[in-house]
Amino acid sequence: MDYFVNVTLTGLTQGMIYSAFALALVLIWRSTRIVNFAQGSMAAATTFIALALIQAGQSYWVALVVALASGFILGAIVERVIIRPVEGGPELNAVIVTLGLFVAIQASIAIIFGSSFQSFPTPFGVRGLEVGDTTIPLTPTSLYIIGSVLLVMGLLVALFRFTRVGLAMRASAFSQEVARLLGVKVGGMLTLGWGLAAVVGSLSGLLIAGGSFVWPAYMDALIVFGFVAAIIGGLDSPVGAIVGGLILGLALSYVSGYAPRGSALVNISALVILIVVLLVRPGGLFSSATARRA
Amino acid sequence: MTTIAAATVLSTVAACGGSDDSGGASGGGGGENEASDIGVTETSIKLGGHYPLTGVAAPGYSEIPTGLDAYFTCLNQEGGVYDREIEWIFRDDAYNPTQTSQVTNELVLEDEIFAMVSGLGTPTHSAVVDFLNDEGVPDLFVSSGSLLWGDNPEEYPMSFGWQTDYMSEGKIIGEYIAENFPDAQVGLFLQDDDFGEDGEAGIRQYIDDQIVAAERYTPGNTNVGPQIAALQAAGADFVVGFNVPSYTALSQLTALQLGYDPQWFYSNVGSDPTLVGGLLNRFSEGQVSDAALLDGALTTGYLPTVDMTDNPWIQEFQRIWDECGGEGELTNYRVYGMAQAYTVTQALQAAGQNPTREGLVEAIEQVGSEWEGPVFAPFRYSEDSHMGTSGMTIERIVGNGSEEVQPVRVTDIGDAPIEEFDGEPATPPANAIPDEEAVN
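Each value, and the rule that gives it
Numbering of residues begins from 1 in every chain and follows the order in which that chain's sequence is written. To label them, take the chains in the order written and letter them from A, then take the ligands in the order written and number them from 1. Reporting of local features is limited, given that this is a predicted model, to residues whose pLDDT is at least 70; pairs of side-chain atoms are given and counted only at 80 or more, and all residues count toward the totals for whole chains, interfaces and linings. Segments assigned H or I by DSSP are reported as helices when at least four residues long, segments assigned E as strands when at least two residues long, and all are numbered from the N terminus. Only the C-alpha atoms count toward the radius of gyration. The rule for a globule is 2.2 Å times the residue count to the power 0.38. In this scheme the burial state of a residue depends on its C-beta neighbours within 10 Å: 20 or more other such atoms mean buried, 12 or fewer mean exposed, and anything in between means partly exposed; the C-beta positions come from the backbone. In this description, a residue-residue contact is defined by the distance between C-beta atoms placed from the backbone, which must lie within 7 Å. A residue's pLDDT is simply how confident the predictor is in it, with values from 0 to 100. Joined through C-beta atoms within 7 Å, a set of buried Ala, Val, Leu, Ile, Met, Phe, Trp, Tyr and Cys residues constitutes a nonpolar core. What marks off one domain from the next here is an automatic or database domain assignment. Pairing between two strands is assigned when DSSP locates at least 2 bridges connecting them. Residues are grouped as follows: Ala, Val, Leu, Ile, Met, Phe, Trp, Tyr, Cys and Pro are nonpolar; Asp, Glu, Lys and Arg are charged; all remaining types, including Gly, are polar. Here, expected helix span is obtained from the residue count minus one, scaled by 1.5 Å.

S.K.: Is there a simple way to explain the overall build of chain A in this structure?
M.R.: The helix and strand tally for chain A stands at 11 helices and four strands. Relative to its length of 294 residues, chain A is compact, with a C-alpha radius of gyration of 19 Å against a globular reference of 19 Å. Each principal axis of the C-alpha distribution contributes one length, and for chain A these read about 65 × 50 × 35 Å. By the burial criterion, 50% of the 294 residues in chain A qualify as buried. Taking contacts inside chain A between residues at least 6 apart in sequence as the whole, the part at least 24 apart equals 72%.

S.K.: Mind showing me how you'd approach the confidence of the model for chain A here?
M.R.: One rule of thumb: low pLDDT means the predicted coordinates there are not for detailed reading. Per-residue pLDDT for chain A averages 85, and the proportion of residues at 70 or more is 97%. The secondary-structure element of chain A with the lowest mean pLDDT is strand E3 (residues 134-136) of chain A, recorded at 78, while helix H3 (residues 60-83) of chain A shows the highest, at 92.

S.K.: Whenever I open this one, the nonpolar core confuses me. Can you help?
M.R.: Generally speaking, soluble globular proteins have nonpolar side chains that are buried together. A:Leu23, B:Tyr71 and B:Met338 are the most contacted members of the largest nonpolar core, which has 224 residues in total. In this structure, this core is formed jointly by two domains, domain 1 (7-12 + 23-164 + 307-389) and domain 2 (166-301) of chain B, each of which donates at least three residues. Apart from residues lying up to four places away in sequence, B:Tyr71 is in contact with B:Ile320, B:Met338, B:Ala341 and B:Tyr342.

S.K.: Looking at this structure, how should I read the pairing of strand E6 (residues 186-191) of chain B?
M.R.: Looking down a regular strand, the side chains alternate between one sheet face and the other. All names here are of chain B. Burial runs high along E6: six of the six residues are buried. Burial of E6 is two-sided: the residues Val 186, Leu 188 and Leu 190 facing one way and the residues Gly 187, Phe 189 and Gln 191 facing the other way are all buried. Pairing analysis gives six bridges linking E6 to strand E7 (residues 211-217), with the strands arranged parallel. Its bridge partner being in E7, Leu 188 is matched across the sheet by Ala 214. Sheet topology places E6 next to strand E8 (residues 238-242); five bridges connect them, and they run parallel. From the neighbouring strand, Leu 190 faces E8, where its bridge partner is Phe 242.

S.K.: Mind showing me how you'd approach the interface of chain B and chain A here?
M.R.: Accessible area lost when the parts come together is the quantity often used to give the size of an interface. With 35 residues of chain B in contact, the opposing surface of chain A contributes 42 residues. Listed by contribution, the elements that provide at least two residues to the side of chain B that touches chain A are helix H1 (58-61), E7, helix H7 (225-233), helix H8 (245-258) and helix H9 (273-281) of chain B. Considering only residue class, the side of chain B that touches chain A consists of 17 nonpolar, 14 polar and four charged.

S.K.: Explanation requested: helix H1 (residues 2-32) of chain A in the structure shown.
M.R.: Residues three or four positions apart in an α-helix share a direction because the helix packs 3.6 residues into each turn. Over its 31 residues, H1(A) runs 45 Å from end to end, which matches the ideal 45 Å to within 8%, given 1.5 Å per residue. Among the 31 residues in H1(A), 25 count as buried, and that is most of the element.

Rendered as structure tokens:
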């Protein structure tokens, strides 16, 4: 029974990390209708900025704020300078550009910060909490991750549902022409969308890194799992991203913990889960409507 | 995804000092240097290697070629081998077998190396071992304890192992546990490839009935929570890890989360306390302090380590690193590289004044088992075996160093018995440059 609890809690924490990354993907999808493959290496870049600050003696929280701010700037610059020129062409162009960006940013990180394997601190403990006389694998750090991700999800839902800016962003993404006719400054909304998505991406990068190891490619595995989580959730829904991440995290943890040679089956299982979900609900679990594009 | 082709060519150091035979070896030829084979000129010998200089396996391992580099630089200053400079080229494969094939092609076909030296990693080197043997390129002293390179010279006549193989290591660990911890409930934490399999096969020869669980992790999957939790659930109070250093750190971190505190025993590969401690100590801003987590863990040794400052080999290697090394400190990985370079030098000397690829292999088979050097126990080289050294001590990690708890014992693969090693430790020759006679 203890073992079940341990495997479950490990999966839960891992799932929250997938959720964090999926949230960033959902955000950029909702606000620009582009799948951003560069999200992972953009997050890695800001994480390395934070790490450089921490190594220079700054506190974690200063580094966090700077990383989020630089994430926003990076996202806005990428949209204005790199994505804007290919927007309006075939949809695939922008996606391919983000793929190129993914490789380019990763290489830049290696050049600027080096490619060595480093540990990234967390402001909270990494020892499991003690409940009675047993220790459960839920650390103060995992509580911090879970809390942050839920908070961000809440803010995103509020942004899109209750604010005019959120509505304008959705309108711009839904149909640029129509939005423009209605007086929305579409260009600004797209830049804002990329900036915000990069902030959430940066946060997920920092959360994933905390109490673990970073190197220029450390987000690679999470990009895949983050995408799977986002697609399970429907790519459109912040709540879906969280649920998708948790389903994936738990399922992979059970596979790893109970299947023979489970650790080797984890990546394959992610694919199987994705296919099953898409067969049952092609739009993902939380898809709201099928033909939304104008 | 990062593909930075890191190729480092050793800067050439002028070493031509007339025609006297100052090349270390005293017995060979006396004639003139000739361009006797691919990669050999009258004044140089070209050697190459592949390493993970980037990526998840880079910590530690990326330092090994810098150790070889420092040793060869100092060797060249003293005249190289038969007045030939060693030209040392190493390339980054990021521990990715596809890239290993690519950089090996470059080394063999474009750089035209005389021999591959110290190519690192079981999965990576497996991808090129057939190619090297088909091309007739000597494949010396693979940086991996897999049995592949040495147990079947008929299949791979050009390849040689160097470090203690994982099966022999497993046997020595198993015997130690059977003798000293007969009541321990043992759990195994294994990398899910040859490394873990060979180690498990060795250890089970001695304590099969004590093993309560064997958990495997896949390199690249950094969540080892379920595996460590399974060891805990099985009631293991003694965990033996056949894993790489980053997974030592991950297993320690996961055990902290689970509140799991068994006696740890990490095989040689995963146990470098400086590296693992360095990875662990910055977590939670000092709440997990230094190498203290590894304090008291057991491990094995087949080479002197940097903390043994009284050891004459370490003193010599420290001098070489200070004089000919690059940035950073002397580390155990650099010591490993230098010790390999020492064996390479022995082999080149034994191959004679005008070495050929075949002559090099024959020389190692004939006299390699007699060479003395920094490794604790002799190599097993012969026509029938290309296995490297087989001896290991058992050590307990204390701070950033270790103390010996069992002297060197030697064994071989299969069901060969384990014996205490009765040889004396070798002392380094002048400048830590060997002086082997040519056999051809």
